Amino acid sequence: MEVPRLDHALNSPTSPCEEVIKNLSLEAIQLCDRDGNSFMMTFIFYPGFQDNNNSRYISYSRNKSQDSGIAEMEELPVPHNIRISNITCDSFKISWEMDSKSKDRITHYFIDLNKKENKNSNKFKHKDVPTKLVAKAVPLPMTVRGHWFLSPRTEYTVAVQTASKQVDGDYVVSEWSEIIEFCTADYSKVHLTQLLEKAEVIAGRMLKFSVFYRNQHKEYFDYIREHHGNAMQPSVKDNSGSHGSPISGKLEGIFFSCSTEFNTGKPPQDSPYGRYRFEIAAEKLFNPNTNLYFGDFYCMYTAYHYVILVIAPVGSPGDEFCKQRLPQLNSQDNKFLTCREEDGMLVYHHAQDVILEVIYTDPVDLSLGTVAEITGHQLMSLSTANAKKDPSCKTCNISVGR
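Computed from a predicted structure; not experimentally measured.

Under the criterion given, the structure shown has 10 salt bridges. Between Arg 153 and Asp 186 there is a salt bridge whose closest N-O contact spans 2.7 Å. Of this pair, Arg 153 sits in the loop between strand S7 (142–145) and strand S8 (155–165) while Asp 186 sits in the loop between strand S10 (180–183) and helix H2 (189–202), and the two are 33 residues apart along the sequence. Through salt bridges with shared partners, a single ionic network connects Lys 116, Glu 155 and Glu 181.

Now the structure itself:
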C-alpha cells in the first residue's frame, strides 16, 4: 500500500490543510483488477476542514490554483467516457478511456467520490465526508468496495484523475475528468440472509396466536367500503426500516400485526395506527397456499426490534417479486412465524421478543373479518411509518451500508 506524500502541500503557505493535519486519518480498502487479483487502495479524510463553500474538502482540489503541493503536467491523459458497472449495495466497477500519450507514465489514479445531497437524509446520522481514493494504476475495470463509505440505494458522483508519482514523493496529475452520477443497489439475498440470522438470535420463544389484525382510523374503513367495494387494497411500502431493503418503496401490500399480550394470548388493546381494528382469522391469510419471506430487521433508536415478514399467495405478483429478492422461510419451521397442522387443524405461533410487521400482498375483503373499536389508547410514539433505522445498533446492522 502506498500513500501519497503530502508534506509539500501541508507546509505550503497557501495550503488549506495546514491546520488540520492532526485530524488526518488513513484507511485502506481492498480492490480487485479485472483478473481478480487483489490490491489495496487508500483513502484520505480531513474531517475538520471546510472550504469557502462550507463543504468538507480533501487535499486533491479540483481548482488547479489550489493544488500548490502537487505538480502538474499537461501530458498526462485525462480520463473520459467513464463507465460504472456491476453495482451492488457496497461496491462498483469503474473504467474509463484515455489517450495513449504519456499513458505509460501513469502510476496512480485519484478517484473523487461524493454522496449527492439529499434533503431527506437521516438527520441522526453523522455528516458524510467526501472521499478521495488513491489507487495504483491497474488494468481496468477495477472494483471499488467499502461499506464504510458506500451505502445502499444512494446516489453518488464520481470523477477521476491520473497521476504519476515522482522520486521525491510528489505527484504529477492530470486534469479531472467529467463528473458522472450513479446509484448503489439494494441489499441482495446474501445481505438479507445476514440480517435474518441476526434477527433469529433475539427472536425468543414462540407464542400461540389465532388472528391477524390491522388498526386504522374509522375514516379509512369507511373509504374502503365506499370506494373499493369493501376490499382493502395493497399500497407501496414506505421507506421505514433498513435503507437497503429491496421492499421499501417497491413492494405493494397491506400491513398486519399478529403480536399478542403475554398474559392473555390476545392482541393488545393499544395501537399507534388508529382506534378501529380489523381482525381476520390467521388461516385466511397464512396457509399452505401462501409463501413466507423475510423482508427486514431494524430498530428506531429504541430497545424494540422489528422484523418485517411478507406473506404472498403462491404464484401471485407479490410472490414473484419476493422470490427474486427475499429469502424464503419454511412456513412450518422458522424463528418468527409458523403455520403447522396439528390434529387436522392449522396452529399458529409468533416470536415473542421481536415486533412482527406482516405484509400481505393481495387485496383483503373486510367481509372476511370484523371491524371494531379498541378500548385502549392510540400510542403514536410507537408508529413505524417512515421510521429511520438506527445505523449504530450492533444488534440489527450488518457490515454493509446501513
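In this fold, Phe 278 is placed in strand S16 (residues 276–281). A relative accessible area of 0% places Phe 278 in the buried class. Excluding anything up to four places from it in sequence, Phe 278 contacts Phe 212, Tyr 213, Arg 214, Phe 221, Met 232, Phe 256, Val 364, Asp 365, Leu 366, Gly 369, Thr 370 and Val 371.

In this section: the sheet that holds S16. Taken in spatial order, the 3 strands of this open sheet run S12-S16-S24, and their pairing is antiparallel. Both edges of this open sheet fall to strand S12 (211–216) and strand S24 (370–373), since each of them pairs with a single strand only. Strand-to-strand twist in this sheet, taken as the mean axis angle between neighbours without regard to direction, amounts to 25 degrees. Of the strands in this sheet, S12, S16 and S24 touch helix H3 (residues 218–227), which is tilted by about 105 degrees from S12.

A few words on H2. With 14 residues, H2 extends 20 Å between its outermost C-alpha atoms, agreeing within 8% with the 20 Å of an ideal straight helix rising 1.5 Å per residue. Of the surrounding elements, those touching the buried residues of H2 are strand S17 (290–299), strand S18 (305–313), helix H5 (317–325) and strand S19 (328–329). Phi turns positive, to about 80 degrees, at Gly 204, one or two residues after H2.

Ranked by internal contacts, the top residues of the largest apolar core, which has 57 residues, are Phe 212, Met 232, Phe 256, Phe 294, Phe 336 and Leu 337. Top contributing element to this core by residue count: S18, with 7 residues. Beyond its immediate stretch of four places on either side in the chain, Phe 294 contacts Leu 192, Leu 195, Leu 196, Ala 199, Val 307, Ile 308, Leu 309, Leu 326, Pro 327, Leu 329 and Phe 336. Core analysis: the next-biggest nonpolar cluster, separate from the first, contains 25 residues, Leu 76, Val 144, Phe 149 and Ile 180 among them.

So, about unusual backbone geometry. With an omega of 0 degrees, the peptide bond running from Leu 140 to Pro 141 counts as cis. Within the secondary structure layout, Pro 141 lies in the loop between strand S6 (131–136) and S7. A positive phi is found at Tyr 301, a non-glycine position, where the angle reads about 60 degrees. Of note, Tyr 301 is situated in the loop between S17 and S18. Assessed through its relative accessible area of 34%, Tyr 301 is described here as partly exposed.

Calculation criteria
Here the residue numbers are simple positions, counted from 1 along each chain's written sequence. Whole-chain, interface and lining totals are the exception, using all residues; otherwise, since this is a predicted model, local features are given only for residues with pLDDT of at least 70 and side-chain atom pairs are given and counted only at 80 or more. Where side-chain values are given, they derive from all heavy atoms of the structure, hydrogens and water being excluded. A side-chain nitrogen of Lys or Arg and a carboxyl oxygen of Asp or Glu constitute a salt bridge if their distance falls within 4 Å. Strands are runs of DSSP state E lasting at least 2 residues, helices are runs of H or I lasting at least 4, and numbering of each runs from the N terminus. For the exposure calls, accessible area comes from a 1.4 Å probe over protein chains only, and a residue counts as buried if that area is under 20% of its type's maximum, exposed if over 50%, partly exposed in between. Residues are treated as being in contact if the distance between any of their heavy atoms lies within 4.5 Å. Any two strands with at least two DSSP-identified bridges between them are counted as paired. Axis definition: a line fitted to C-alpha atoms, over the contacting stretch in the case of helices. Angles run 0 to 180 degrees between N-to-C directions. By definition here, a helix of n residues has an expected span of 1.5 Å times n minus one. Remark: nonpolar core denotes a set of buried residues (Ala, Val, Leu, Ile, Met, Phe, Trp, Tyr, Cys) joined through side-chain atoms within 4.5 Å.

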